[in-house]
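# Breakdown of the fold
Spelled out, the chains give:
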Amino acid sequence: MKKKLLAIISIATLLFLAACSGGNESSSAGEGSDTNDQGIESFTYASLTDAVGLSPILTNDSASANVTDHVYEKLFERNAETMEIEPQLAESYENPDENTWIIKLKQGVKFHDGTDFNADAVKYTFDKLRDPATAAPRASLMEPVDTITVVDDYTVEIKTKYPYGPFLASLSHSNAAIVSPEADQNGDINKDPVGTGPFKFVSWVPGDQVVLEANKDYRDGAPAIQKLIFKVVPEISTAISMLQTGEVQFIDKLPTEQIERVEGLKNVNVEKVDGTPQYYFTVNHSKEEFQDAELREALASAIDRDAFISKMKGLGIRSDSVIGSKVFGYKEEADNAGTPYDLEKAKELVKKNGYDKKTYTLLSPNRNNFILMSEVVQAQLTEAGFNVNIESMEWASFLDTARDGNYDMTFLSWSNLTADGSELFYPNFHSDNVGASNRAQYSNPEFDQLVEQSRTTTDQEKRLEILDQANRLMLEDHAIVNMYHDVVTAAMENSYKGLILEPTGKWNLSEVTRK
Amino acid sequence: MIGMIIRRFFQLIFLLFGISFLVFSSMYLAPGDPASMIGGPTASESDIEAIRENLGLNEPFLTQYASYVGGLVQGDLGYSYQTRQSVSEAIAVRLPNTLKLAIASMIVAIIIGILAGLISALKHNSWLDVGSTTFALAGISIPNFWMGAVLILVFAVNLQWLPVGGMSSPWYTIEGMKELILPAITLGTGAAAMIARMTRSSMLEVIRADYVRTARAKGVKESSVIWIHTLKNAMIPVLTVIGVNFGSLLGGTIITEKVFAINGVGRLMIDAIAARDFPMVQGSVLLVATLFVLVNLIVDIVYTYVDPRIKYQ
C-alpha cells in the first residue's frame, strides 16, 4: 500500500515537472504570432463571448458580427474615418424618385463557393431577411422595403413603401450582408458561412473558437493574415494576460478598470476612437409624476456628468447632445444644450415641490459601467435632497423590466451601429415603440413628428436639420440626461499595424500587416 | 448489487423528469424573455414577435413542456433558441473538457487532501497538524476566481511556465497537461481541503479504535497499522466526501472554466441561463444531474470493496 501510494505521488510529481519544463517556447511566443515573408501565419483575437451563429440573417450580436464582417460584405459600408457611406459590393446607386433605389453592383465578384455575386443574390438575401418565416432578429432593417426587383444581372431596384432617409445606413448594417444563395439553399450558412469577404470560413468549435483563412482571390488582394482565429475568452483579465504573453494578438472593449493595466503593457498598442455607443439616465415617462417638468429639471440639474466622467479614465466623452459626435444628425452646438449641473437649483426645486417626501427607485443592470453610474448618480441625487434606492438586476431581467416600464428612473444604452440619428430616435424615443424598444417610455407628439420627418426625407441636408431640432427638443424637455458617449477601444500587439477601428466599436483586420 | 443498480436507474428516470419539470417551470416563470435576448435591445416589437412565434414561445406552458418531454423520451434534447444548434451536439463538444477538468481536479484534491489529512492525524497537535488544518481552512475560504487569477499571474504571465488559458490539446500530450495544471489546482484545492479535514477526523477516530490497539499489542509494524488497519477503514467517510465533491465539481466548474477560458458544460449552462436559452439550460442541468447520480452510484459500489461488511440487497 505504502509503495503504491509513493509510486502514485512520484508519477504525479514527475508529470507536473515534465509539464512545467517542456516546451516553454509556445506559451511565450504564442500560438498565433509567427510570420513569414508572405504574411502573418496566424493571428488570434480574444472574444469575450462566442458567436451565436455565422449567418448575418439569423444573428444580431457583436461577437457574431465580428466574424461575419470578415466573411461577408454589404452593398454599402460606412467609412470609419469620415463616417460617410460608401459603396462596398455596390458600384453606384441612383434615386429616380424618393421611393426608388436603383443599385448597380460590382461585376466579377465571386462568393467563396465559386458562385457569382449578382442581383439575384441581393434579392435572395433581402427577401430572406424580411420573410416573417425566417424570424430574422433584424428583419426591421427591411421594414420600409416594398419590392425588390432584379433589373439585370448587376442591377437591382428596391422600392420602399415610403421615402426612407436612412436606407443606405440600413444597407450598410452587418445584418444586411449578402449571402451566397446556393450555399444557403444547400447547406446551413449559420454553421458554414459563405460570403464574398476577405476571409473564408474554415471551422467553428462552438464555445471555443472560429477559424478563418485568407481569401486568396479577394478582389483587393489577399489579406496578410493567413489564419484568423476568434478565440472565446470570457474573462477580460484572462484575455489581457493572454495578450501580454502573446497567446492572443488582439482584444477589444477594454473596461475602465483595466485600461491602465493594458496601457502599461510593453508589447501592446491601445487604440481609442470616439465612439457611437452612449449611456443615458432617464425617468419613466409613462408615470404621471414624471410629467412634471420641474421634477425632470431638478433631476437633470442634480446630476454632475463631469464628476462621473472624471472616473472613467478617459473612456467617456462629455456631451449633453443625445446624438453623439459620430452619429448622423449631430451638431457641435448641441454639446452644451442640455440642463446644466446646478446643485443649488436642484435643491431649491426639491424643497419647493417636496420631492424629498418620496423614495424613488433607480433601476440598473449589474454590468459594465452601469454599477458605477448608478452609485455616483444615487449619491448626487441624495445630495440634492432626493431619496433614491438602487435596484440592480441582471441583463435579461433588466431589459424586460425596463421594457414593461416597472421603474422610476433608470440608465439605458444604445450602440448606434448604423450611426444614424433616425435609427437612434425612432426605436428609443418614438411613441410607436413604447412598451418595446422605447424603454424610457418617452412620448411626445412634436418629437414623434420630427423623427418621422427625419425618416421619410431623403435629402440628407434637410435630415441633418430635422434631427438637430429633435435633439434639442428632447434636451429642452429634460427628457434624458446623457451620461457619456463612449470611447471605443482595442489593444493589439505592437508588432502589427493596419487595424481599422470604427466608432461603432466594430473593427476590421483585413489590412493588418507586420510593422 | 445488480438489483441496486437497476433500482438506481429507475430512480434516475423519475429524478430527471422531476428536475426537467422544475427547471422548465422556473425558467418559464423567471423574468427575461428569450426572444428579446435573441433580438437584442435593437430589435423592434414585430421582430421579437416573429421570433417568439418561430420558437413556439406563445404556446401555453403545458403544451411547451409536453412537446419538450416528447422529444426527451426519444432522446432529443431539442435545439438552442440562441444558436439554433442541437443541444446534444453543443453538450458533446463541451463535456470532455468538463470531465477532464473535474477528473484532474479530483486527482489533485485526493492527493493533496489525503496526504494533508494523514499527516495532520499522525502528527496530531504538532506544527504539521496546525499547518495542514490552516491549509484546509484556506483552501475552503479562498474563492476560485481569485486563486485562478493569482495562479495565472504567477505561473503563466510572470514565469511563463504554463499557458494562461484554453483547453484544446488532448490531455495525454504535454500541451494538454500544461493546460490542465492551473485549472485543476484552482478547482481541486477546495475539495482537497474538505478531503483533508475528513481524512484527519476519520483517521483520529479509527486510530483510537480497539482493534488498532490490539494490532499494536500484537506487535504489528507501525506502518502496517497505519496503512492496512487504519487508513482503509478511515477511508469510508472520505469516499463519501470524494463522491459528493466530484459531483459538485462537475456542476461547479463554471468559474474556473470562465477564468481559464475552458469550453465546458458549466460555462455553457451559465451563458444559457443569461440568454434565457431554455433548451440549453435544460439539457445541461439534466446532464449534470445524471452525472451526479452516476458518480454517487459508483461511490456506493466502491464502498462494498473498501468495506466488505456493506452489502446491498
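Every value quoted in this text rests on a predicted model; they were computed, and no experiment measured them.

## Focus: the packing of helix H6 (residues 127-141) of chain B against helix H8 (residues 174-207) of chain B
Residue and element names in this part refer to chain B. The contact between H6 and H8 brings their axes to 7 Å, and the two run at 140°. Taken as axis vectors, H6 and H8 run oblique relative to one another. When you trace H6 past H8, the crossing you get is left-handed. Packed against H6, whose contacting residues are Ser132, Ala136, Gly139 and Ile140, the element H8 presents Thr189, Gly190, Ala192, Ala193, Met194, Ala196 and Arg197 at the interface. Classifying every residue of the contact of H6 with H8 gives 6 nonpolar, 4 polar and 1 charged.

## Here we look at the confidence of the model for chain A
In this model, chain A carries an average pLDDT of 91, and 93% of its residues clear a pLDDT of 70 or more. Segment residues 1-36 of chain A: pLDDT under 50, and 51 contacts once partners within four positions in sequence are set aside and those in other chains are kept.

## Regarding the nonpolar core
Judged by nonpolar contacts, the single largest core of 211 residues is most densely connected at Ile178, Ile251, Phe281 and Ala298 of chain A together with Ile195 of chain B. In terms of residue count, H8 of chain B provides more of this core than any other element does, 17 residues in total. In contact with isoleucine 195 of chain B, other than residues within four places in its own chain, are Ala109, Ile110, Gly113, Ile114, Gly117, Val238, Val241 and Ile242 of chain B.

## Some thoughts on helix H12 (residues 370-383) of chain A
All names here are of chain A. Look at H12: 20 Å from first C-alpha to last across 14 residues, which is about the 20 Å you get at 1.5 Å a residue. Among the residues of H12, Phe370, Met373, Ser374, Val377, Gln380 and Leu381 are the ones counted as buried. Each buried residue of H12 sits inside an arc of 135° when the element is viewed along its axis, so together they form one side.

## Some thoughts on the pairing of strand S15 (residues 387-393) of chain A
As a general feature of sheets, a regular strand has side chains that alternate between the two faces. Residue and element names in this part refer to chain A. Strand direction decides the pairing type here: strand S14 (residues 359-365) and S15, joined by 7 bridges, are parallel. For threonine 361, the partnering residue across the bridge sits in S15 and is asparagine 389. For the crossover from S14 across H12 to S15, the handedness is right-handed.

## Overview of the sheet that holds strand S7 (residues 155-160) of chain A
All names here are of chain A. Read across the sheet, 4 strands follow the order S4-S5-S7-S6 without closing on themselves; strand pairing throughout is antiparallel. The open sheet has two edge strands with one neighbour each: strand S4 (90-94) and strand S6 (145-152). Adjacent strand axes in the sheet meet at a mean angle of 20°, parallel and antiparallel pairs treated alike. Contacting strand S5 (100-105), S6 and S7, helix H4 (residues 119-130) crosses the sheet at an angle of about 165° to S6.

## Focus on the interface of chain B and chain A
Contacts between the two partners involve 54 residues from chain B and, on the opposite side, 52 residues from chain A. Secondary structure elements with two or more residues in the side of chain B that touches chain A: helix H2 (34-39), helix H3 (45-55), helix H5 (87-122), helix H7 (144-158), H8, helix H10 (222-251), helix H11 (254-259) and helix H12 (265-274) of chain B. Of the residues forming the side of chain B that touches chain A, the biggest block, 6 residues, is contributed by H3 of chain B. Its residues assigned to classes, the side of chain B that touches chain A comprises 28 nonpolar, 16 polar and 10 charged.

## Details of the domain arrangement of chain A
Residue and element names in this part refer to chain A. Partitioning chain A into domains gives domain 1 (43-186), domain 2 (199-268 + 488-514) and domain 3 (274-486). The distance between the C-alpha centroids of domain 1 and domain 3 comes to 32 Å. At the interface, 12 residues of domain 1 touch 13 residues of domain 3. Of the residues contributing to the side of domain 1 that touches domain 3, the split by class is 6 nonpolar, 4 polar and 2 charged.

## A word on unusual backbone geometry
The backbone phi angle of asparagine 416 of chain A is positive, close to 55°, even though this residue is not glycine. Structurally, asparagine 416 of chain A can be placed in the loop between strand S16 (409-414) and helix H14 (421-429). For asparagine 416 of chain A, a count of 26 C-beta atoms within 10 Å gives the class buried. Here alanine 261 of chain B, not a glycine, exhibits a phi torsion of approximately 50°, which is positive. Relative to the assigned elements, alanine 261 of chain B resides in the loop between H11 and H12. With 29 C-beta atoms packed within 10 Å, alanine 261 of chain B lands in the buried category.

## Looking at the UniProt feature "transmembrane region" (unreviewed entry) in chain B
Residues and elements named next belong to chain B. In this structure's numbering, the residues bearing the UniProt feature "transmembrane region" (unreviewed entry) are residues 12-30, 101-122, 134-160, 180-198, 234-255 and 285-306. As annotated, residues 134-160 has a helix share of 85% and a strand share of 0%, and its two end C-alpha atoms lie 29 Å apart. The span residues 285-306 carries 100% helix and 0% strand; its end-to-end C-alpha distance comes to 31 Å.

## What about the UniProt feature "domain: Solute-binding protein family" (unreviewed entry) in chain A?
Within this structure's numbering, the places UniProt gives as "domain: Solute-binding protein family" (unreviewed entry) are residues 84-434 of chain A. Overall, residues 84-434 of chain A shows 27% helix and 26% strand. The separation of its end C-alpha atoms is 31 Å.

Calculation notes
- Residues numbered from 1 in each chain as written.
- Chains lettered and ligands numbered in written order.
- Predicted model: local features only at pLDDT ≥ 70, side-chain atom pairs only at ≥ 80, totals over all residues.
- Axes fitted to C-alpha atoms, helices over the stretch in contact; angles between N-to-C directions.
- Helix = DSSP H or I, 4+ residues; strand = E, 2+ residues; numbered from the N terminus.
- Parallel < 35°, antiparallel > 145°, perpendicular 65-115°, else oblique.
- Left-handed = near helix turned anticlockwise from the far one by under 90°.
- Contact = placed C-beta atoms within 7 Å.
- Nonpolar A, V, L, I, M, F, W, Y, C, P; charged D, E, K, R; others polar.
- pLDDT = per-residue confidence, 0-100.
- Core = buried A, V, L, I, M, F, W, Y, C linked by C-beta atoms within 7 Å.
- Buried ≥ 20, exposed ≤ 12 C-beta atoms within 10 Å, placed from the backbone.
- Expected span 1.5 Å × (residues − 1).
- Arc of directions from axis to C-beta.
- Pairing = 2+ DSSP bridges.
- Right-handed = clockwise from strand over helix to strand, strands pointing away.
- Domains from an automatic or database assignment.
- UniProt positions renumbered as here; feature names shortened; annotations may be inferred.

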